[in-house]
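# A structural walkthrough
Residues per chain, in single letters:
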Amino acid sequence: MSGQWLGRASSCLSPVVYASPSLPVSRMNQLRLLPSRLGAQAVRLLAAHEVPVFGWRSRSSGPPATLPSSKDGGSSSYMEEMYFAWLENPRSVHKSWDNFFRKASEEASSGSAQPRPPSVVRDSRSAVSSRTKTSKLVEDHLAVQSLIRAYQIRGHHVAQLDPLGILDADLDSFVPSDLITTIDKLAFYDLQEADLDKEFQLPTTTFIGGSENTLSLREIIRRLENTYCQHIGLEFMFINDVEQCQWIRQKFETPGVMQFSSEEKRTLLARLVRSMRFEDFLARKWSSEKRFGLEGCEVMIPALKTIIDKSSEMGIENVILGMPHRGRLNVLANVIRKDLEQIFCQFDPKLEAADEGSGDVKYHLGMYHERINRVTNRNITLSLVANPSHLEAVDPVVQGKTKAEQFYRGDAQGKKVMSILVHGDAAFAGQGVVYETFHLSDLPSYTTNGTVHVVVNNQIGFTTDPRMARSSPYPTDVARVVNAPIFHVNADDPEAVIYVCSVAAEWRNTFNKDVVVDLVCYRRRGHNEMDEPMFTQPLMYKQIHRQVPVLKKYADKLIAEGTVTLQEFEEEIAKYDRICEEAYGRSKDKKILHIKHWLDSPWPGFFNVDGEPKSMTCPATGIPEDVLTHIGSVASSVPLEDFKIHTGLSRILRGRADMTKNRTVDWALAEYMAFGSLLKEGIHVRLSGQDVERGTFSHRHHVLHDQEVDRRTCVPMNHLWPDQAPYTVCNSSLSEYGVLGFELGYAMASPNALVLWEAQFGDFHNTAQCIIDQFISTGQAKWVRHNGIVLLLPHGMEGMGPEHSSARPERFLQMSNDDSDAYPAFTKDFEVSQLYDCNWIVVNCSTPANYFHVLRRQILLPFRKPISPFPFDLIKQEAEKYPGAELAWCQEEHKNMGYYDYISPRFMTILRRTRPIWYVGRDPAAAPATGNRNTHLVSLKKFLDTAFNLQAFEGKTF
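Conventions used here
- Residues numbered from 1 in each chain as written.
- Predicted model: local features only at pLDDT ≥ 70, side-chain atom pairs only at ≥ 80, totals over all residues.
- Heavy atoms only, no water.
- Buried < 20%, exposed > 50% of the residue type's maximum accessible area, 1.4 Å probe, protein only.
- Helix = DSSP H or I, 4+ residues; strand = E, 2+ residues; numbered from the N terminus.
- Pairing = 2+ DSSP bridges.
- 1 Å grid on protein atoms, 1.4 Å probe; cavity = no way out; pocket = protein on both sides within 12 Å on 5 of 7 lines; lining within 4 Å.
- Points joined across faces, edges and corners; volume = space filled by probe spheres on them.
- Nonpolar A, V, L, I, M, F, W, Y, C, P; charged D, E, K, R; others polar.
- Core = buried A, V, L, I, M, F, W, Y, C linked by side-chain atoms within 4.5 Å.
- Contact = heavy atoms within 4.5 Å.
- Axes fitted to C-alpha atoms, helices over the stretch in contact; angles between N-to-C directions.

Attention now moves to the pairing of strand β9 (residues 318–322). Of all the 5 residues making up β9, 5 are buried; the element is thus mostly covered by neighbouring parts of the structure. Along β9, one buried face is formed by N318, I320 and G322 and the opposite face, lined by V319 and L321, is buried too. Summarising the sheet, β9 and strand β12 (residues 378–384) pair through 4 bridges and their orientation is parallel. Each bridged residue has a counterpart across the sheet, and for L321 the counterpart in β12 is L384. Here 5 bridges tie β9 to strand β13 (residues 417–424), and the two strands are oriented parallel to one another. Looking at β13, one finds that G322 is bridged to L421.

Following this line, the structure appears as structure tokens:
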């Protein structure tokens, strides 16, 4: 080496190095020297072997950092030689050194070169003599660190997750080459069998040592196998937060961490007894009924109860659950604690339905229950949200309800209210709404501060093999997109399940992030109790028929270890069987099924004791002019000082001021006044959807942006009155299905809020059709659930092509439940009672004033309906006024779309079928509109000419 030297600045150290004359200048200029922790790490690796070190010069006043030297001293340290060799040619050193120096180089801080005095030259002969020993020592320690990391990253691939022992839970028989599954795998790390009993220093990124800093390689491998390759498979190393990774490592790697007291084991056994005997009881009493039992994953009941218990212990007071049909009755009975007789009577075919709606099958129903948590002795409210057969559709609904409950409680951090979502493996991987829901999890106006997801992984979807149902290794891989840890666990190991669920609850409370528990289990019966699974999965079901139930396995274990006796176990079974029999006896006294007993979102005080509106009147929707003027004034101003708005927006605000002064409104100002007036009356307003803050058509501008200060915004609507209700307006992710479901759930929580979802264009609602069909249109009929959600569907036939021209009103009208042939009785409260009797209200506003009043009416009505009814009374008056006139219905939509098919039979009913109502408009078509501007204008002129031609219908017969 030459006498030339240079130093590279770091945060506190300037390591002393010599530059090799063979290095190119450009290479020298790019050097990023080892930071202080390189020396510290090397010292820690070698200290136990009495390898002396020499100091690194430090610019701080603290002690110098150290770099290992040869044991006998010498001209330079071996590490220095390796470092300079690596600088010259990274391939000239062993791959472990290459990885080591690359990592250190990447982490070193950059800075200008600073000259430093040359280091002391030592005798090179001693260095040569210790080179082999030092090289082996450092390389072996680095190899062990790599080995530990390999288990943390890939140990789950060889974990024993399948209770049946016939499938790979990750759909791949691949065994990572860097896991020591056989002794010859040590060669991957250049280790040998002789190294197994050598002691190695443990890095700070593992907790397998407990209080010990060193372990033998044999013990290191054994402890890693126990942590990562038994009945728990952990996926978390993709998380980009070191603190979170360390937290998980500590929870699972610490020796002896998964220990349970005798009392905890007895509680777990009792919960398993209830879970399994409930299913057995239903199977005995109603062997030919569909119930979608939980057999094969009975451990889900103690799993959910553990999550709830642990969350209650940490302060949670309200848990909102969503789940599919499998195991739902068991959850209602043993988690929510619904009266068993109300569940059992659902199986009685003679039970009459109360006049409350159409109802739903028993395994779709929800429930709301307040009780004392027996473990924590604290109050807990549990709500299981009703859902259709459409798997995962309930996910965003639960999240929206959870968000609303947090909002009304002022629980911004989610410390009082949380959600739990239960999924099936096939649906979790296959349904896109799962992905949409995950992507709401960390958005400011949608986050619920973490959800615990529990996947009942039957390893089959109806009849479809997982290998045909997903392309990802696990059904849970979708959760990786939001850095949610995934805990796979063998569902036939109840203690492992309970520990994982406890950690999941702690994770959610600690980091306010989603977490997934994957219960790898099996489905003892077919898709339902009447289904034959042997048709399509013969080998799997041969094994399932041989499978010992988890309750017997766990009971045998506890009896063998002396935790319980056989007599105690049998008494626990007999006790629960007796409870079920007594409830069955009481269920026979039930004659009428009341759907309201299954309500998942009650609104105390809003209805009378029978669940009916307190009146059938609606107050006037108008408001004093001075209130309108005040709202218009705020809407046309910027209430914050030194707030620079866009010049184009200034013109819009001046326009609003002029309209207010002239006592006129446009669509945007009418909406502003409706919202503002409700806020004054204490009604929370929430508007959500794609680009709603500005508005798709640049008309709304409810959020102002400072043009000179990044992310400084102003919402004038929240500056109307000092004691007003809060206004929330939030741009959503580019999702319809997930976001509409979320807002529906939000509207479920309280009747005293106006919750609106706006489609970017009206026809975009069709990607949320499942929410509209299964929840909004039918929710009250199926589940006695009122909901005041408002869907804003902007559209217009303006010659802009098939898309965005029509919001497809015919679909909403077709699903309306009013009878076109029934002539109504025009009572004094007809206007309000007609709205109450229909399933929803479809409005096509013709003026901004219509829009203003219909928004206010939505809150002033004594009930809540999703915002079709035909105005029989008004049409009757007009028809009688002109008895000799020809009646024509003119619409822009094609004849098979729009409103004609809805209004035509109702006109006939009003007219007693004595006069026709002629159709004027475009001919039937497949697409909603043409893409050609000229064609649009020609057809428009044609039907307008016809509409205003008094002779157009002469000679036509009725």
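Next comes the rest of the description.
Attention now moves to empty space enclosed by the protein. Space left empty within the atom packing is revealed by a probe, the size of a water molecule, rolled over the atoms. Estimates place the volume of the largest cavity at around 60 Å³. Along its surface, the largest cavity is lined by 13 residues, and G293, L294, E295, R326 and R523 are the ones closest to its centre. A breakdown of the residues in the lining of the largest cavity according to their chemical character gives 4 nonpolar, 3 polar and 6 charged. Lining the second largest cavity, in full, are M323, P324, N387, L391, E392, V394, D395, V422, H423, G424 and A427. When residues of the lining of the second largest cavity are traced back to their parent elements, those giving at least two are α12 (394–409) and β13. Here the lining of the second largest cavity takes 3 residues from β13, the largest share from any one element.

Turning next to the nonpolar core. I220, M300 and F344 are the most contacted members of the largest nonpolar core, which has 149 residues in total. Top contributing element to this core by residue count: helix α16 (residues 494–511), with 11 residues. Leaving out residues up to four positions away in the same chain, I220 has contacts with V144, L147, I148, F200, L202, I208 and L215. Ranked by size, the runner-up nonpolar core spans 35 residues in total, among them I623, V634, L720 and W721.

Looking now at the pairing of strand β21 (residues 727–731). Most of β21 sits out of view: 4 of its 5 residues are buried. Sheet topology places strand β18 (residues 684–689) next to β21; 5 bridges connect them, and they run parallel. When the bridges of β21 are listed, R686 appears paired with T728.

This paragraph deals with the sheet that holds β9. Taking strand neighbours across the sheet as the criterion, the 8 strands line up as β8-β15-β16-β14-β13-β9-β12-β11 in an open arrangement whose pairing is mixed. With one partner strand each, in any of the chains shown, β8 (232–235) and β11 (367–373) form the two edges of the open sheet. Going from strand to strand, the sheet's axes swing by 20° on average, the running direction of each strand aside. Relative to strand β14 (residues 451–457), β13 runs parallel, the two being bridged by 6 bridges.

Take it as geometry only, folks, not as evidence of what the structure does.
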